[in-house]
Amino acid sequence: MDESRLRERLADLTLEEKVHLLTGDGFWTLRPIPRIGLRGLVMSDGPSGVRGTTWDERHTSLLFPNPTALAATWDPALAERIGRLNGAQARDKGVHVQLAPTINLHRTPLGGRHFENFSEDPLLTARVGAAFVKGVQSAGVAATVKHFVGNDSETARMSYDARIGEEALDELYLRPFEEAVKAGAWAVMAAYNKVNGTSMTENRELLTGVLKERWGFDGVVVSDWTAIRSTEESAGAGMDVEMPGLPTSPWRDRLVEAVRAGRVAEELIDDKVLRVLRLAARVGALDGFPDPPPVTTPSDARAQLREAAAQAAVLLRNENGALPLNAPRRLAVIGPNAVRFSAQGGGSAHVNPDRVVTPVDGLRRALGDGTELIVRPGVYPHPRLAPLPLALTTEPETGERGVRLDFFDAGGTLIESQHRKAAHFVFLGGIPSGTARIVARTSMTPAEDGVHTFAIAGAGEYELRVAETRAAVTLTPDHGDPVEALLRPPEHRVEVDLKAGAPVPVELRYTPAPRSFGAAFGIGYHEPRPAEDDALAAAVAAARDADAAVVVVGTNDDVESEGFDRTSLALPGRQDELVSAVAAANPRTVVVVNAGAPVLMPWRDEVAAVLWAWLPGQEGGDAVADVLIGAAEPGGRLPTTFPASHDGVLSPVPAEDGTLDYAEGTAIGYRHYTSAQVAYPFGHGLGYTTWEYESLTVSGGVAEVTVHNTGSRAGREVVQCYAFAGGTVRLAGSAVAEAAPGDSVTVRITLDERLPVPCALRAGRSVTDLRTGTTRTDIG
Ligand code: BGC
């Protein structure tokens, strides 16, 4: 990069232009300066796919398996390919900066954004994260590693003070960021929280001292959205860009004034602008610099997602070869998530895919007509209603499926009208200016007679009409976090008696609060349904009459999301009871867990098999079916420890004075739990074949491990090396081995260059396998 040419552009700018460039110019953009050939940089969330600048089902994105799933492949090469696919999506959407990957750690399984992070282990996180960054950037798009640093949980995330000791900070929490910077990351996002007393957007020691000076980071430090709450302190500490630049921004004019008054040196501003120009040059947004190579989403993208989801799936238990399923004549597919499948978590990571394949769809396709599927949800654990299904709607203007969304100004004049293929709407910015009222209307044709439940979901003033029924309410969010208030708003339910086949008008009127930066509202719905006891009994009866039962349980995006942590690891609602009852009715009960973060599985010894499917993205249902029938190997291994109970689980909740004490030091995850506290250890995961570990040798920082496929199928093994020293254990490296039945293969594992020396090195299948000792060598 020819820096002198960047400096020439800088020299052409006025102070106002420079500072305004550093302050968001819209929710997702920086301002263009055509005079110097600078186009407006466009940013987009996030780690599960590239949403783009709107939250709108008309602008679809590929929905990837959640990041923990990606880490479960333990395969940096795959993470790089998936990163490149993200980059391709960004290019197709005109996005220059992707706000991903999230590389905070799984300090506690209760962390709300656990599903968005890779692992509890810093080395695995660093290796997968760095590979993802390389992949995204190979497409000419900036990756933004976030949230720097200590944003490992969500409760009071805007204000808590993570008290992290030097060793833990260095060895655990900074490590993934350091490796991402070494891998060449072009952007870093500063977190909301404080670390050791100082807000991360004002933390000179970490932003300038560590990130920019010690690691030599030459990219842009962007704030998390609204995380900058000061002018001089944040600008002086090393922040480069304030997002999203709301009218209340502490930068823009206030920063210009601070420079004029001599409270912020102009050289500091110049350094920030240079960084933004460098970023623009890197992503092809600055004239006179080479365009990145042309990259577009490949035609096999869906196949890549399906394959990645299968590679990520972790077979936790498989008794007597219960899996792969042996072409059952009649299969009961039970469980709430079989029907209302969680392909992704909630919060800013959300994207709008053009389709989601559920496990029922996948199994139907995979098993074909030879198998009868009996589908029963069994229980209703979802705290909120799903959006009104499109299949029941007729949009009044076009006669097609969907909802008409009209925007009116204060005088009642229609300013914009949209045909939407959704019944739930999110605007982060993007509400037509001058809007005083939004009306969503459709005609709904009930599929059955009975009491139908509708819900207004949102915060603000609403009026809902369904046929002759009318409800007017003001809903107030019960949480302070702005993202949570927006994306997990309160709900007001209304029951209406309707006749099958007779269309009724449904209309929701919404008055947005003045000057709100966003809005989210919608019409929820569920059809007349039996009482839960009856639904559960029907599911058990279906299992009893079937050759095998697949029970799909899990969480949802009301449980795993942003702005709050989980308060329990238990599956929501009566799902545990459902699994036990089904297992008692049918010995061939296979449980598929559809969740991003660990849940307790008190029934795990009662069932024949447990397949952990994660939040596997839009093609997830096909991937689950592939693994269940054995068309694909369950390739995943746990990148995080699954606790047996709440015993030993760290709390994400700060003390009353706002401090969150990382008192455990470096002892998180597998370094923290006793064996009795663990249900499934870090690294665990079965395959459909068996392996023997034959030898381990080490030389020059590389371990060579030979494994032998002793089973009757080709397989995939994640060979793991751990270092033991002074009573502690840590991951030293890993590699993926693939071998045909009967074959041996030797993998080379690049060892972590920061291993304690001397140490004992052991290779095997999971951290607990190794406590009892398998292949071992000592390095000193
Ligand atoms: C999240 C970030 C995200 C940003 C923009 C914040 O609330 O913490 O991860 O990139 O919003 O959506």
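Computed from a prediction, not measured in an experiment: that's the story for all the values here.

Conventions used here
- Residues numbered from 1 in each chain as written.
- Predicted model: local features only at pLDDT ≥ 70, side-chain atom pairs only at ≥ 80, totals over all residues.
- Heavy atoms only, no water.
- Patch = residues over 30% accessible without salt bridge, like charges linked within 9 Å, V, L, I, M, F, W, Y side chains within 5 Å.
- Areas by Shrake-Rupley, 256 points an atom, 1.4 Å probe, with all protein chains shown as cover.
- Salt bridge = Lys/Arg side-chain N within 4 Å of Asp/Glu carboxyl O.
- Lys, Arg positive; Asp, Glu negative; His and termini not counted.
- Charge placed at Lys NZ, Arg CZ, Asp CG, Glu CD.
- Helix = DSSP H or I, 4+ residues; strand = E, 2+ residues; numbered from the N terminus.
- Core = buried A, V, L, I, M, F, W, Y, C linked by side-chain atoms within 4.5 Å.
- Buried < 20%, exposed > 50% of the residue type's maximum accessible area, 1.4 Å probe, protein only.
- Near = heavy atom within 4 Å.
- Polar contact = N/O pair within 3.5 Å; in protein donor to acceptor, adjacent residues only side chain to side chain.
- Pairing = 2+ DSSP bridges.
- Axes fitted to C-alpha atoms, helices over the stretch in contact; angles between N-to-C directions.
- Left-handed = near helix turned anticlockwise from the far one by under 90°.
- Contact = heavy atoms within 4.5 Å.
- Right-handed = clockwise from strand over helix to strand, strands pointing away.
- Phe/Tyr/Trp six-rings, centres within 6.5 Å; stacked < 30°, edge-to-face > 60°.
- Arc of directions from axis to C-beta.
- Domains from an automatic or database assignment.
- Buried area = accessible area lost by both parts, 1.4 Å probe.
- Nonpolar A, V, L, I, M, F, W, Y, C, P; charged D, E, K, R; others polar.

A. Seen up close, a negative patch on the surface. Together, Glu-448, Asp-449, Asp-497 and Glu-527 make up a negatively charged patch on the protein surface. Structurally, the position occupied by Glu-527 is in the loop between β23 (518–526) and α16 (532–544).

B. Molecular detail of the nonpolar core. In terms of nonpolar packing, the biggest core is built from 125 residues, with Met-43, Phe-148, Val-149, Tyr-173, Leu-206 and Trp-225 touching the most fellow members. In terms of residue count, helix α11 (residues 266–282) provides more of this core than any other element does, eight residues in total. Judged by nonpolar contacts, the second largest core, of 38 residues, contains Ala-72, Ala-539, Val-599 and Tyr-680.

C. Seen up close, the site of the ligand. Contacts to the ligand come from 14 residues, most closely from Asp-45, Arg-113, His-147, Asp-224 and Glu-562. Between an oxygen atom of the ligand and a side-chain N or O atom of Tyr-192, the distance comes to 3.0 Å. Within the side chain of Glu-562, a nitrogen or oxygen atom sits 2.8 Å from an oxygen atom of the ligand. Relative to its unbound accessible surface of 310 Å², the ligand loses 97% to contact with the protein.

D. Broad picture of the sheet that holds strand β6 (residues 194–195). If you walk across this open sheet you meet the four strands as β7-β6-β4-β28, and the pairing is mixed. Two strands lie at the open edges of the sheet, namely β7 (198–199) and β28 (659–661), each paired on one side alone. Both β6 and β7 contribute to a ladder of two bridges, which runs antiparallel. Within the sheet, the bridge partner assigned to Val-195 lies in β7 and is Thr-198.

E. Broad picture of the packing of helix α4 (residues 76–92) against helix α12 (residues 301–312). Relative to each other, α4 and α12 sit at 145 degrees, their axes nearing to 11 Å. The chirality of how α4 crosses α12 is left-handed. Residues Leu-78, Ile-82 and Leu-85 of α4 form the contact with α12, whose participating residues are Ala-301, Gln-304, Leu-305, Ala-308 and Gln-311.

F. Fine view of the pairing of strand β22 (residues 504–511). Sheet topology places strand β17 (residues 437–444) next to β22; seven bridges connect them, and they run antiparallel. Across the sheet, residue Arg-441 finds its bridge partner in β22, namely Glu-507. Both strand β19 (residues 460–466) and β22 contribute to a ladder of six bridges, which runs antiparallel. Each bridged residue has a counterpart across the sheet, and for Leu-464 the counterpart in β22 is Leu-508.

G. The sheet that holds strand β1 (residues 43–44), seen in detail. The strand order β1-β2-β3-β5-β8 describes an open sheet built from five strands, whose pairing is parallel. Among the strands making up the open sheet, the edge pair consists of β1 and β8 (220–223). As paired elements, β1 and strand β2 (residues 97–98) share two bridges and run parallel to each other. Its bridge partner lying in β2, Ser-44 is registered against Gln-98.

H. Representation of helix α18 (residues 620–629). α18 sits mainly inside the fold: nine of its 10 residues count as buried. All of the buried residues along α18 are Gly-620, Gly-621, Asp-622, Ala-623, Val-624, Ala-625, Asp-626, Val-627 and Leu-628. On its buried side, α18 packs onto α12, α14 (359–367), β24 (548–554), β25 (589–594) and β26 (609–612). At the exit of α18 stands Gly-630, carrying a positive phi of roughly 85 degrees.

I. Quick look at the pairing of β24. Within β24, seven of the seven residues are buried, leaving the element largely enclosed by the surrounding structure. Of the two faces of β24, both are covered, the one formed by Ala-548, Val-550, Val-552 and Gly-554 as well as the one formed by Ala-549, Val-551 and Val-553. Summarising the sheet, strand β10 (residues 330–334) and β24 pair through four bridges and their orientation is parallel. Bridging from a neighbouring strand, Ile-334 pairs with Val-551 of β24. Here β24 pairs with β25 via six bridges, running parallel. Along β25, the bridge assignment pairs Val-553 with Val-593. A crossover links β24 with its parallel partner β25, the connecting element being helix α17 (residues 575–585), and its sense is right-handed.

J. Local environment of the packing of aromatic side chains. One pass over the structure, following the stated rule, counts 17 aromatic pairs. Ring plane angle 70 degrees and centroid distance 6.2 Å describe the contact between Phe-148 and Trp-215, whose orientation is recorded as edge-to-face. Residue Phe-148 is located in strand β3 (residues 142–148), and its partner Trp-215 is located in the loop between α8 (204–214) and β8; the two are separated by 67 residues in the primary sequence. Both rings, one in Trp-612 and one in Trp-614, keep their centres 5.8 Å apart while their planes meet at 75 degrees; by these two values the pair is edge-to-face.

K. Here's a closer look at helix α10 (residues 253–260). All of the buried residues along α10 are Leu-255, Val-256, Ala-258 and Val-259. Across the axial projection of α10, the buried residues extend over an arc of 160 degrees, all falling on one side. More than 90 degrees from the buried face of α10, the exposed residues found are Glu-257 and Arg-260. Residues of α10 that are buried make contact with α2 (15–21), α9 (232–237) and α11. After α10 finishes, the residue Gly-262 shows a positive phi value of roughly 80 degrees.

L. Region of the structure containing the pattern of salt bridges. Considering all chains together, one arrives at 56 salt bridges under this definition. With a closest N to O distance of 2.5 Å, Arg-39 and Asp-287 form a salt bridge. Of the two residues, Arg-39 is situated in the loop between α2 and β1 and Asp-287 in the loop between α11 and α12; the sequence distance between them amounts to 248 residues. For Asp-287, a relative accessible area of 39% puts it in the partly exposed group. Two residues, Arg-637 and Glu-717, come together in a salt bridge whose shortest N-O distance is 3.2 Å.

M. Structural view of the domain arrangement of the chain. As assigned here, the chain comprises domain 1 (3–51 + 62–282), domain 2 (302–381 + 532–673), domain 3 (386–526) and domain 4 (689–775). For domain 1 versus domain 2, the separation of C-alpha centres amounts to 33 Å. Of the roughly 4,800 Å² buried between domain 1 and domain 2, counting both surfaces, carbon and sulfur atoms make up 59%. Looking only at domain 1, the three residues that lose the most surface to domain 2 are Leu-63, Arg-107 and Leu-110, adding up to 19% of its buried area. Across the contact surface, domain 1 and domain 2 share four salt bridges. At the boundary of domain 1 with domain 2, the tally comes to 34 residue pairs in polar contact (both at pLDDT 80 or more). Within the residue set of the side of domain 1 that touches domain 2, elements represented by two or more residues are α3 (67–72), α4, α5 (122–138), β4 (161–163) and α6 (166–173). Ranked by residues supplied to the side of domain 1 that touches domain 2, first place goes to α6 with five residues. In terms of residue class, the side of domain 1 that touches domain 2 is made up of 27 nonpolar, 14 polar and 15 charged.

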